[in-house]
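A structural walkthrough
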Amino acid sequence: PDLQEDNELVVVAKCRYSHTGEGLHRFTDPADGLTYLYTQFEPADACRVLAVFEQPDLKGIFELTVTAPGDWKVISNQPLAGQQPATPAELASSYSPAAPAGTATPPADAAAAPTAASANNSAVGGSPTQMPDAAPTSAPVRHWFEPTPRLSSYLIALCAGPYAEWHSQVQSTSGRTVPMALYARQSMAQFVDPDDVFELTRQGFSFYEPAFDYPYPFAKYDQIFCPEYNFGAMENAGLVTITENYIFRSKPVEALVERRAVTILHELAHMWFGDLVTMRWWNDLWLNESFAEFISHLAAVRATRFKDAWTTFAYTEKTWAYAQDQLPTTHPILAPIENLDDVHNNFDGITYAKGASVLRQLMAWVGEDVFLQGLRSYFVKHAWGNTELPDLLGELEAASGRDLTNWTKLWLETAGVNTLTADSARTTLSQSGKDPYPAWRPALVAVGGYSLVDGELNRFWDTEVDLAGPQTPLPKLRPADLLLLNDRDLAYAKIRLDPESLVVAREQVGKMSDPLARSVVWGMLWDMTRDAEWSARQFADKVLTWAFTETSSTALQKLLAELATALDHFVAPEFQLETRANAAARLWEALAGSQPGSDTQLQLVRAFARHATTEGQIDQLDELVLGSRTLTGLTMDLDLTWDLMGGLVVAGRAGEDRIDAQLAADKTQSGLEKAAGLRAALPTPEAKAAAWLRAVEDPATPNGTQRAIIAGWARVRDKNLLVPFVEPYFASVRRIWQDRSPETAMNVATGMYPDEVADLPGVDVLGATKAFLTELGGDLPPLRRLVVEGEAGVQRALAAQAADRAAGAPLG
């Protein structure tokens, strides 16, 4: 009753560190015993660390003071304002009347404390350097940071520990020099490539600042690699946290290098779209993430060496979106968000990938210059505030002169993916949707004419069609062997080709000279496999015929992943063993002919290990691991050895003793997680039971280890090993969901769902699922959604197996 216009609330709290990657995560490095902390607050985990009202539209100014060991780096959103040895009084209590913990009130002798500038003598680039300690390393030090600009609580960050660090800078269009820093734990420092990370960040600045016509809005730009991280990265203002999976201990495939680049650009884009201008509520989460995902690929094409990023987008983002949009749990891009459970569930392929695809379509529809002009007005008008979708659309309407009301309704407020088809005469382009979704949506679609000349399938002409209804007349087209719908991949839609074009596409996809056009055809062939429109073994044959000539690392990686899914789930069970052995034989043949030291060689040897089936194939794999057989250009480093050992473990060739020996050579967190995954993959009932207990029943299992165990547990050749866990899954998953943190509970709900055994005789996974959902009723909607998605996956797999069975044997 006595609240004034301005009030002060003091909260004294003692909190438990997290080991799930949520809130303030604490990690002790097994390699050297050093401890590291980092925060992860999105969407609403800041309340695990500080007293706060968590809504994106409740922006505030945050001032942090932190007491930590003297030899630790302490990093937050803002530059360090000062530091000094902690006093006994400050150590005795979490609250000091002179300077409440959680504020930036400097101590009385702040002038004597070293400033960020005087304390930081790190070199630019080069080897990791150490900030001189403000006090002896044995004494705790008090750090205080400059106040933040207006920020939402989920964007606040704190990282602390004896991190190695690298420093650089970037020149802003504002004329100021923005300091940049990169951090990683000490045992990983030797593997960090700061020059590449800094160069990509500078390239991002060079694209975003002119494109948005708004200078970088924060005081610094730090990036920090974090262990046991749940996501790719997080856009904390001025302090981006990134998964350690982007530190490469051994030679990475180029697809992963490109993914890191896009992630770096994605988080940098958020500094404007998300941090400077923030959604009012989580129903616009899609716009936050979709925009960053879309614009990061555009930035990669325009400003970095990754000029084929739209091809990568087609193989990864579009494929993810199409799969998510065909689930019974699909939802509009602009989804209603009633509570925080809804937020967790909507970090999905609709929010990220479909939204990004639709934004790319919108830019093509209104024009790139007009699109960027609208963005510039948006940033100026709403800087440091919160917005809703109409705020952005209003600026785009003003810039383009187009009324986007109908576009918004059809693309953003309705779910489902439409299909484009051309009639056999090639005179009409039709668009259809599945009831209850729209029968058509406005879109700009490119149509290309491809003909086979001198062994290459090249585009000889193209045209653009503005779809304005379920059927659109095509202009008179010149002859072509293949009429490719959605050429250049501008539209978000499935495609089905006319009969003549389909034959050419299926037989000659590898001869298409344009990698983006190939991605469109491969996407259609995979979609036809998932929709049970042709045999999974036919798809596998095409992958094994053409994939090894792919010039895109991401394309090869994605095709090999789809091959694995086809062999594991879509090939009829009675054909799986023979088909897998045939695939391994063809992979080994391609591996022998691959360029030594190439990206293709690295991907093929991992795929061979994944599918080696016969005794002879397992012998070949074992010889590679033991070193009695070598492949020119292939370095058997620690990570590759772990990967190849996975094939031996699943096949029963390697056991606990070899896992222990490999772990003795790799006593790191990565080694511990990989060993846990391989122990879970051992083909014995005892190993599966032990893995279940650690992943499901033991809340002390850290998040990263839990993920590794679940992945290994599901790797089986004898699916009967997993049958005993069907009943325990449905008996325990509700309890796990209620008792565990969102991330670890989701890992169990999705990773342990018994889809692997659904095709075994006498195992009624669909019946058990239906009974569980009936019992669950309307309780726990997020859990219900995940189980329904698992059920849909089983239904799709069984339909694909039926189509494969109908094709007969032998095949391909």
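In this report, we go over the structure that sits alongside the text. (Residues numbered from 1 in each chain as written. Predicted model: local features only at pLDDT ≥ 70, side-chain atom pairs only at ≥ 80, totals over all residues. Heavy atoms only, no water.)

Re the overall build of the chain
Applied cut-off: What counts as a helix is a DSSP run of H or I of at least four residues, what counts as a strand is a run of E of at least two, and both are numbered from the N terminus. Taken over C-alpha atoms, the radius of gyration is set against a globule rule of 2.2 Å times the number of residues to the power 0.38. Relative accessibility thresholds used throughout: buried, under 20% of the residue-type maximum; exposed, over 50%; partly exposed, between the two (1.4 Å probe, protein chains only). Two residues qualify as a contact provided that any one of their heavy atoms is within 4.5 Å of a heavy atom in the partner residue. Computed with a 1.4 Å probe, the accessible areas rest on the Shrake-Rupley method; for each residue, only the protein chains presented here act as cover. When charges are counted, Lys and Arg contribute as positive and Asp and Glu as negative, whereas His and the chain ends are disregarded. Throughout, a charge is located at the NZ atom of Lys, the CZ atom of Arg, the CG atom of Asp or the CD atom of Glu.
Within the chain, the secondary structure is distributed over 27 helices and 21 strands. For 812 residues, the compact-globule formula gives about 28 Å, and the C-alpha radius of gyration of the chain, at 27 Å, lands near that figure. Considering only C-alpha atoms, the chain reaches an extent of 80 × 70 × 55 Å along its principal axes. For the chain, the residues scored as buried account for 60% of the 812 residues in total. Restricting the contact set of the chain to residue pairs at least 6 apart, pairs at least 24 apart contribute 73%. For the chain, the exposed area adds up to about 31300 Å²; of that, 53% sits on carbon and sulfur atoms. For the chain, the distance from the average site of its 67 positive side-chain charges to the average site of its 103 negative ones is 4 Å.

Here's the deal with the side chain of Asp 275
With respect to the secondary-structure elements, Asp 275 resides in the loop between helix H4 (254-270) and strand S13 (278-279). Filtering out sequence-adjacent residues up to four positions away, Asp 275 remains in contact with Lys 59, Leu 151, Leu 155, Phe 218, Glu 235, Asn 236, Ala 237 and His 270.

Quick look at the environment of Asp 32
Keep this limit in mind: Polar contacts here mean pairs of N or O atoms no more than 3.5 Å apart (in protein, one a potential hydrogen donor and the other a potential acceptor; neighbouring residues in sequence count only if both atoms are side-chain atoms).
Mapped onto the fold, Asp 32 is located in the loop between strand S1 (23-28) and strand S2 (35-40). With relative accessibility at 37%, the residue Asp 32 sits in the partly exposed group. In the structure, Asp 32 is positioned 735 residues away from Gly 767 in sequence and 50 Å away in space, judged by C-alpha atoms. Here Leu 34 takes part through its backbone nitrogen, which lies 3.0 Å from a polar atom of the side chain of Asp 32.

So, the nonpolar core
Across soluble globular proteins, nonpolar side chains show a tendency to be buried alongside one another. Here is the rule we go by: Residues enter a nonpolar core if they are buried and are Ala, Val, Leu, Ile, Met, Phe, Trp, Tyr or Cys, with the set joined through side-chain atoms within 4.5 Å.
If you look at the biggest cluster of nonpolar residues, it comprises 193 residues, and the most contacted ones within it are Tyr 208, Phe 212, Trp 272, Phe 379 and Leu 484. Broken down by element, this core gets its largest block of residues, eleven residues, from helix H5 (residues 285-303). If you look at the next biggest cluster of nonpolar residues, it comprises 39 residues, including Val 696, Phe 730, Met 746 and Ala 758.

Re the side chain of His 167
With respect to the helices and strands, the residue His 167 is situated in strand S8 (residues 164-171). Using a relative accessible area of 12% as the deciding quantity, one classes His 167 as buried. Here the side chain of His 167 touches Glu 165 through a polar contact of 2.9 Å, side chain to side chain.

A few points about the packing of helix H15 (residues 553-570) against helix H16 (residues 573-592)
Between two packed helices, what matters for the description is the angle formed by their axes and the separation of those axes. Selection criterion: The convention used is that axes are lines fitted to C-alpha atoms, helices contributing only their stretch in contact, and that angles between N-to-C directions extend from 0 to 180 degrees. Just so you know how the angles are binned, under 35 degrees is roughly parallel, over 145 roughly antiparallel, 65 to 115 roughly perpendicular, and the rest oblique. Amino acid classes used here: Ala, Val, Leu, Ile, Met, Phe, Trp, Tyr, Cys and Pro are nonpolar; Asp, Glu, Lys and Arg are charged; the rest, including Gly, are polar.
At a minimum axis distance of 9 Å, the contact between H15 and H16 shows a crossing angle of 155°. Taken as axis vectors, H15 and H16 run roughly antiparallel relative to one another. The segment H15 lies against H16, with Leu 560, Leu 567 and Asp 568 engaging Gln 576, Thr 579, Arg 580, Ala 583 and Leu 587. Counted by class, the contact of H15 with H16 contains four nonpolar, two polar and two charged residues.

Considering unusual backbone geometry
Each neighbour pair has its own omega, and for Glu 42 with Pro 43 the value is 0°, a cis peptide bond. Here Pro 43 lies in the loop between S2 and strand S3 (65-68). Of note, the bond from Asp 435 into Pro 436 is cis; its omega dihedral lies within 30 degrees of zero at 10°. Summarising the element assignment, Pro 436 is placed in the loop between strand S16 (428-432) and strand S17 (443-453). Look at Arg 426: it is not a glycine, yet its phi comes out positive at around 60°.

Re the pattern of salt bridges
Heads up, the rule is: Whenever Lys or Arg places a side-chain nitrogen within 4 Å of a carboxyl oxygen from Asp or Glu, that contact is recorded as a salt bridge.
Within this structure, the stated rule accounts for 47 salt bridges. Between Arg 580 and Asp 568 there is a salt bridge, with the nearest N and O atoms lying 2.7 Å from each other. Placement of the pair is Arg 580 in helix H16 and Asp 568 in helix H15, with a sequence separation of twelve residues. Asp 568 matches Arg 580 in its accessibility class, with the two residues each being buried. It is possible to trace a salt-bridge network through shared partners that takes in Lys 494, Arg 496, Asp 527, Asp 531, Glu 533 and Arg 796.

Describing the sheet that holds S1
Whether parallel or antiparallel, the strands of a sheet pair through hydrogen bonds between backbone atoms. Applicable threshold: For two strands to be treated as a pair, DSSP must find no fewer than two bridges joining them.
Strand order across the open sheet formed by four strands is S1-S2-S7-S4, with antiparallel pairing between neighbours. Every interior strand has two partners, whereas the edge strands, S1 and strand S4 (73-76), have only one. Strand-to-strand twist in this sheet, taken as the mean axis angle between neighbours without regard to direction, amounts to 10°.

What to know about the sheet that holds strand S10 (residues 221-226)
One open sheet holds the five strands; their spatial order is S8-S9-S10-S12-S11, and the pairing between them is mixed. Of all strands in the sheet, those bounded by a partner on one side alone are S8 and strand S11 (233-234). Bridge analysis of S10 against strand S12 (residues 239-243) gives five bridges, and the strand direction is parallel. From the neighbouring strand, Ile 224 faces S12, where its bridge partner is Thr 241. On the sheet, helix H3 (residues 194-212) packs against S8, strand S9 (177-184) and S10 and is oriented at approximately 30° with respect to S8. Across the sheet, H4 touches S10, S11 and S12, and the angle it forms with S10 is around 130°.

Section: helix H6 (residues 309-325)
Since there are 3.6 residues in each turn of an α-helix, residues three or four apart along the chain are aligned in direction. Rules: Every helix has an expected span of 1.5 Å times one less than the residues it contains. For a residue, the bend is simply the angle between two axes, fitted respectively to the seven-residue segment ending there and the seven-residue segment starting there.
With 17 residues, H6 should cover 24 Å at 1.5 Å per step; its first-to-last C-alpha distance of 23 Å lies within 8% of that length. At Lys 318, H6 shows its maximal kink, close to 30°. Counting buried positions along H6 yields 14 of 17 residues, so the element is predominantly enclosed.

Quick word on the packing of aromatic side chains
Counted only if it meets this: When the centres of two rings from Phe, Tyr and Trp lie within 6.5 Å, Trp using its six-membered ring, the rings pair. Their planes under 30 degrees apart give stacked, over 60 give edge-to-face, and anything left gives tilted.
Under the definition given, this model contains 39 aromatic pairs. For the ring pair Tyr 216 and Phe 218, a centre distance of 5.9 Å and an interplane angle of 70° mean the geometry is edge-to-face. When sorted by exposure, Tyr 216 lands in the same class as Phe 218, which is buried. Their ring planes at 85° and their centres at 6.3 Å tell us that Trp 522 and Phe 539 sit as a pair that is edge-to-face. With Trp 522 in helix H13 (residues 515-530) and Phe 539 in helix H14 (residues 536-546), the pair connects residues that are 17 residues apart, well separated along the chain.

Thoughts on the packing of H13 against H15
Direction vectors running N to C along H13 and H15 enclose 10°, while the axes themselves pass 12 Å from each other. For the element pair H13 / H15, the angle class is roughly parallel. Between H13 and H15, the residues in contact are Trp 522, Trp 526, Thr 529 and Arg 530 and Leu 559, Glu 562, Thr 565, Ala 566 and Phe 570, respectively. Residue composition of the contact of H13 with H15, grouped by class: five nonpolar, two polar and two charged.

Re the pairing of S2
Of all six residues making up S2, six are buried, and the element is well covered by its neighbours. The two faces of S2 match: Thr 35, Leu 37 and Thr 39 on one face and Tyr 36, Tyr 38 and Gln 40 on the other face are all buried. Summarising the sheet, S1 and S2 pair through six bridges and their orientation is antiparallel. Opposite Arg 26, over in S2, you have Leu 37 as the bridge partner. Linking two consecutive strands that pair antiparallel, namely S1 and S2, is a turn of six residues; a positive phi of about 80° is found at Gly 33 within it. Relative to strand S7 (residues 158-161), S2 is paired through two bridges, and the arrangement is antiparallel.

Here we look at helix H27 (residues 781-806)
Taking 1.5 Å per residue, 26 residues should reach 38 Å; H27 reaches 37 Å between its end C-alpha atoms and fits that length. Looking one or two residues beyond H27, the residue adopting positive phi is Gly 808, at roughly 80°.

Focus: the state of the cysteines
Note the threshold: By definition, disulfides here are pairs of cysteine sulfur atoms that lie within 2.5 Å.
One pass over the full model with this rule turns up zero disulfides. Unpaired in this structure, Cys 47 has its nearest cysteine sulfur neighbour in Cys 15, at a distance of 10 Å. Sulfur of Cys 159: no disulfide; nearest cysteine sulfur belongs to Cys 226 and is 4.9 Å away.

These figures come from the coordinates and say nothing about function on their own.
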